[in-house]
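Each chain, letter by letter, is given below.
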Amino acid sequence: MGGYVNQDGGGWTELRVHGVSGTPPERMLAHPHVALVAGDAEAGFYRREWEAKQTSADTADERFEAYSWGGLTAGSGQRALWLLLTPFLLVNVAFFALPYAGVDDERKASRRTAEVVQRLFALSITLTFVLAVVLVSMDFFGWQCVRQSRNCTDRVSWLGFLSWSWLDLPGRRIAVTAALPLAVVGLLWWLANETWRELEAADVPPAPREEQQQTPLENRRMWNGESQVRRLRAAHVAAGFALVGVFLLAPFAGHGQGLRAVKSGAAVDSAWAGAGTFLFGLALGLLGLTVVLVCLPNERKQPDGDGQHRDRRDLYTLLPWLALVVSVLGAVVVWQPGVNAAVPVPGDARSQLPWLAGTVQVLAAVQVVLLLGMLVLLLTRARSEAGQSPAWCGLAAPALMMAAVVLAGVFAAGLALAVAHVLGKPAPTDLGPDAFVVPLVYFWGAALAVPVAAMALLLVGVGLWLVRRNTDTMLRDHVIPAFPTAKIAEALDAPDLPEHAQTLRRARHIAAAWSRAAVSDVGGRVSGAFAVLLAVLTAAGVVGYLVDRSWVYTQARWAVNIGDLLVGGFVAGLLYVGRQAYRNPRFRRTVGVLWDVGTFWPRATHPLAPPCYAERAVPDLIKRINYLGCTCGGHVLLSCHSQGTVIGAAVVMQLTYQESARVALLTYGSPLRRLYARFFPAYFGPVALRRTGAFLLGKDKPLDTSDGARPRWPWRNLYRPSDPIGGWILRDFEAVEISAGEWAADGRVGDNQDIDRRMIDPMFARTAGDSSYPAMHGHSGYADDPAYRASVEILRELRM
């Protein structure tokens, strides 16, 4: 357009931050033309663009500005494919779901132990993924496929290259097929590096610690994770490369005896065999070293303003390359004919790659032990703060960890069983000419998918019933008081009268919509029940496996077959979702909603998880507020919707007193209490939310978080009973419908002189001349409501 864009920073800047799914800046500012004034296309600040200065509604005294961060989560089809790494996301979110933060000395030791457990668990999830690819590629393709009298390449033409003459040795086939797991680990490494540089790398402004910090979000090192993530990323990638090297060399090191050859002092009759044994031991050593490294203290550092994202060269930088070199050298070793000749390879009988089945079992056992350890730690150490009611009795962290490992197991079992079906028939041992040996753990996982699926369908039905059952209660307790002039109670007393029919239909329609909006509260209870039942089924599966490993295959084959289909269908469904997310922009935004919730949190335990947008968004907003408020001498009204309210609260807790004295906060459609305060109480619990409001007073003295101080806090939160996501934050208020005449008479009618304000939606009666009832806005359209502009005026007065 090339018109006029206001560049002033004084006066009032209403800085709007959108919620989930990446609302375009044009919609945020309700203007057809916008211009980027700071930031970039991924996350930038926009102002309205006008034809000329004379026609501009943005002035030196006030203006609108929008911060659009949707490009960090829903901006490209590539990022929607992160859906396949949901287990990484879940285990990372579990880190922040601990019910205590360890800020005080009493809980620091307990918190450190929990962090070590979770980081070990995250590493085990990475190894589960790598093992699944190793099983399919190196075991099925490289080890089991080609046999003397039966060859899977006869029925699978795209594996015909395995029968080429120069791949006539098992070592060479394994060396070639090892390229796939190495490539997968390399891809994850590259994605983690690229997404950090493109989406998360932002210099965090340094700030003094002005008083004793009581919540983690008050410390700016929360968003300064470059060093921590780099070290964890190096450890995970090195573990993946080293694991491939172990299985590459296990069949050949020490003439097929592995490290037993070294222990027994067996002669090494060739330099290649000796090199294989040495590399095998080195790969095991590197794998063990990564386990040690993730256990070491690795806290985020305080920002120093000296450039936090410079490339660094140290042991962590070299570790992945060293593990990759060991694997490549291992491939060179097993390529040699002399190494292969010394290894007794079965003729027709198919068996698993040495060490593979045992590793799968050990890894599953370690994950069970870590889960139990986390559960015991929380049950013995955790206690809730006053007024705090954490979700799932404060056990959300182990529940999310369990969901992550179950989902990772589903992915691994689905991949292994699906590929085995393509090549032949999956079996626990060599039971026929087409059999491909699959670890029994995967059969148990497939069988357990049947009761899990049945349980999920049952709980969904229960949840829907609970929502429907709540309609009559909603009508009686909330709809009737909200519309006193509609005379709904009179209509209920005489429902057969014709003049009451329309009133009752309208009232029941609103009650049903408000009841559906409570689905997130019902969903919390239903998902908690699902977590408990999933834990019971998982425990039953573990006990069954320990009692009789082969029982599920010999006595419950039907469950294995049905579960095989369910697991395969589930994985195929996720792949379909990923493909659709790549091809369909609207579908991609829908998938992006999930990431907007899960990827708010930094990559604290799993460095290969989907990238965290808040690592970029929070420092961006801090710098912008500092510029507009401190440098330009203006005031900022931080107007946040939906997930943007979580960003806004985190930003306020990060501000210095000088910066917060220039800020007022307006939130609407906020999930802070409904979701974040319950599942992440250490970060957004009642204590943290009260301190957020007190910080806005901007006074350098002990914070006043009492109820009596709330009327002075420059913070208003708007919510509707029809909103399935947003809700009250500190106190739920009743409200009644406000007519247009009442708004005209008093622009502040309905204000509670507190931060929370309920807005009645929709209006009950038709407007004059309109044959349709007013539409229900639910989670959108807050800025168009008169209560929004009234709240803006109140906040300006409180801030001044």
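Reference entry: report on the structure contained in this document.

Rules used throughout
Residues numbered from 1 in each chain as written. Predicted model: local features only at pLDDT ≥ 70, side-chain atom pairs only at ≥ 80, totals over all residues. Heavy atoms only, no water. Helix = DSSP H or I, 4+ residues; strand = E, 2+ residues; numbered from the N terminus. Buried < 20%, exposed > 50% of the residue type's maximum accessible area, 1.4 Å probe, protein only. Contact = heavy atoms within 4.5 Å. Salt bridge = Lys/Arg side-chain N within 4 Å of Asp/Glu carboxyl O. Patch = residues over 30% accessible without salt bridge, like charges linked within 9 Å, V, L, I, M, F, W, Y side chains within 5 Å. Areas by Shrake-Rupley, 256 points an atom, 1.4 Å probe, with all protein chains shown as cover. Axes fitted to C-alpha atoms, helices over the stretch in contact; angles between N-to-C directions. Parallel < 35°, antiparallel > 145°, perpendicular 65-115°, else oblique. Nonpolar A, V, L, I, M, F, W, Y, C, P; charged D, E, K, R; others polar. Expected span 1.5 Å × (residues − 1). Pairing = 2+ DSSP bridges. Polar contact = N/O pair within 3.5 Å; in protein donor to acceptor, adjacent residues only side chain to side chain. Lys, Arg positive; Asp, Glu negative; His and termini not counted. Core = buried A, V, L, I, M, F, W, Y, C linked by side-chain atoms within 4.5 Å. Phe/Tyr/Trp six-rings, centres within 6.5 Å; stacked < 30°, edge-to-face > 60°. Left-handed = near helix turned anticlockwise from the far one by under 90°.

What to know about the overall build of the chain
So, point 1. Helix and strand counts for the chain come out as 28 helices and eleven strands.
So, point 2. In the chain, buried positions account for 55% of the 800 residues.
So, point 3. Summarising the internal contacts of the chain: among those between residues at least 6 apart in sequence, 80% fall at separations of at least 24.

A look at unusual backbone geometry
So, point 1. With an omega dihedral of 0°, the bond running from aspartate 761 to proline 762 counts as a cis peptide bond.
So, point 2. In this fold, proline 762 is placed in the loop between strand S11 (756-758) and helix H28 (786-799).
So, point 3. Although it is not a glycine, alanine 30 sits at a positive phi angle of roughly 50°.
So, point 4. Relative to the helices and strands, alanine 30 resides in the loop between helix H1 (25-29) and strand S3 (34-39).

Side note on the pattern of salt bridges
So, point 1. Applying the stated criterion across every chain yields a total of 19 salt bridges.
So, point 2. Arginine 789 serves as the salt-bridge partner of glutamate 14, at 3.3 Å between the closest nitrogen and oxygen. In this pair, glutamate 14 is assigned in strand S2 (residues 12-17) and arginine 789 in helix H28, connecting sequence segments 775 residues apart.
So, point 3. Exposure remark for glutamate 14: the relative accessible area of 2% places this residue in the buried category.
So, point 4. The salt bridge partner of arginine 691 is glutamate 218, with a shortest N-O separation of 2.6 Å. On the criterion of sequence distance, the pair formed by arginine 691 in helix H26 (residues 686-695) and glutamate 218 in the loop between helix H6 (179-200) and helix H7 (226-249) is long-range, its members being 473 residues apart. For the pair shown, arginine 691 and glutamate 218 are each scored as buried.

What about H26?
So, point 1. Counting buried residues in H26 gives seven out of ten residues, a clear majority hidden from the surface.
So, point 2. Those residues of H26 not exposed but buried are Ala688, Leu689, Arg691, Thr692, Gly693, Ala694 and Phe695.
So, point 3. In the core, the buried residues of H26 are packed alongside helix H22 (643-654), helix H23 (657-660), helix H24 (672-679), helix H25 (681-684) and strand S10 (715-719).

Thoughts on a nonpolar patch on the surface
So, point 1. Residues Trp272, Val328 and Val332 make up a contiguous nonpolar surface patch of about 250 Å² in total accessible area.
So, point 2. The class of valine 332 is partly exposed, set by a relative accessible area of 37%.

Here we look at the packing of H7 against helix H10 (residues 315-334)
So, point 1. Contact geometry of H7 with H10 gives a least axis separation of 8 Å together with a crossing angle of 10°. As far as their axial angle goes, H10 and H7 are roughly parallel. Together, Arg230, Arg231, Ala234, Val237, Ala238, Phe241, Ala242, Val244, Gly245, Leu248 and Leu249 of H7 and Tyr316, Thr317, Leu319, Pro320, Ala323, Leu324, Ser327, Gly330, Ala331 and Val334 of H10 make up the contact between the two elements.
So, point 2. Within the contact of H7 with H10, the residues separate by chemical class into 15 nonpolar, four polar and two charged.

A short note on the environment of valine 532
So, point 1. Here valine 532 is to be found in helix H17 (residues 519-547).
So, point 2. The sequence separation of valine 532 and alanine 399 amounts to 133 residues, and the corresponding C-alpha distance is 8.3 Å.

Focus on H17
So, point 1. The terminal C-alpha atoms of H17, which comprises 29 residues, lie 41 Å apart, in line with the 42 Å expected from a rise of 1.5 Å per residue.
So, point 2. Among all positions of H17, only Val522, Gly524, Val526, Gly528, Ala531, Leu534, Gly541, Gly544 and Tyr545 are buried.

Considerations on the pairing of strand S5 (residues 62-68)
So, point 1. S5 sits mainly inside the fold: six of its seven residues count as buried.
So, point 2. Relative to S5, S2 runs parallel, the two sharing six bridges. Residue pairing in the sheet places valine 17 in a bridge with tyrosine 67 of S5.
So, point 3. Bridging between strand S4 (residues 44-50) and S5 involves three bridges; their strand directions are antiparallel.

Points about the environment of alanine 408
So, point 1. On the secondary structure map, alanine 408 appears in helix H13 (residues 396-423).
So, point 2. With 280 residues separating them along the chain, alanine 408 and threonine 128 place their C-alpha atoms 7.0 Å apart.
So, point 3. If sequence neighbours within four positions are ignored, alanine 408 has contacts with Pro87, Ile125, Thr128 and Phe129.

Focus: the environment of glutamate 14
So, point 1. Considering only alpha carbons, one finds glutamate 14 and arginine 63, 49 residues apart in sequence, at a separation of 6.3 Å.
So, point 2. A polar side-chain atom of glutamate 14 sits 2.7 Å from a polar atom in the side chain of tyrosine 788.

Digging into the side chain of arginine 757
So, point 1. Its location among the elements puts arginine 757 in strand S11.
So, point 2. Put simply, arginine 757 is tucked away with no salt bridge, and the nearest opposite charge, on aspartate 751, sits 4.5 Å away.
So, point 3. Residue contacts for arginine 757: discarding those within four places in its chain leaves Asn717, Leu718, Tyr719, Ile738, Trp743, Val749, Gly750, Asp751, Asn752, Ala787 and Ala790.

Brief notes about the nonpolar core
So, point 1. Of all hydrophobic cores here, the largest spans 197 residues; its most connected members are Phe140, Trp223, Phe600, Trp601 and Phe684.
So, point 2. Tallying contributions element by element places H13 first for this core, with 19 residues.
So, point 3. Counting residues in hydrophobic clusters, the runner-up holds 15 residues, among them Ala787, Tyr788, Ala790 and Leu795.

Notes on the packing of aromatic side chains
So, point 1. For the structure shown, the criterion picks out 36 aromatic pairs.
So, point 2. Geometrically, the ring pair formed by phenylalanine 96 and tryptophan 601 is stacked, given 4.7 Å between the ring centres and 20° between the ring planes. Placement of the pair is phenylalanine 96 in helix H3 (residues 86-96) and tryptophan 601 in the loop between helix H20 (585-598) and helix H21 (614-631), with a sequence separation of 505 residues.
So, point 3. The exposure class of phenylalanine 96 is buried, given its relative accessible area of 2%.
So, point 4. By relative accessible area, tryptophan 601 is classed as buried at 1%.
So, point 5. Residues phenylalanine 129 and phenylalanine 411 carry aromatic rings whose centres are separated by 6.0 Å and whose planes lie at 90° to one another, so their mutual orientation is edge-to-face.

Remarks on the pairing of S2
So, point 1. Burial within S2 is extensive, with six of its six residues counted as buried.
So, point 2. Across the two faces of S2 the burial is the same, with Trp12, Glu14 and Arg16 and Thr13, Leu15 and Val17 all buried.
So, point 3. In terms of strand pairing, S2 meets strand S8 (residues 635-641) through six bridges, oriented parallel. Within the sheet, the bridge partner assigned to glutamate 14 lies in S8 and is leucine 637.

Comments concerning the side chain of glutamine 228
So, point 1. Relative to the helices and strands, glutamine 228 resides in helix H7.
So, point 2. With sequence-adjacent residues up to four places away left out, glutamine 228 is seen in contact with Arg119, Asn298, Glu299, Arg300, Arg603 and Ala604.

Quick word on the packing of H7 against helix H9 (residues 271-295)
So, point 1. Contact geometry for H7 and H9: axes closest at 8 Å, N-to-C directions at 150°. It follows from the interaxial angle that H7 and H9 lie roughly antiparallel. When you trace H7 past H9, the crossing you get is left-handed. Residue-level contacts link Leu232, Ala235, Ala238, Ala239, Ala242, Leu243, Gly245, Val246 and Leu249 of H7 to Gly276, Leu279, Phe280, Ala283, Leu284, Leu286, Leu287, Thr290 and Val294 of H9.
So, point 2. Its residues assigned to classes, the contact of H7 with H9 shows 15 nonpolar, three polar and no charged.

Geometric values such as these leave the question of function open.
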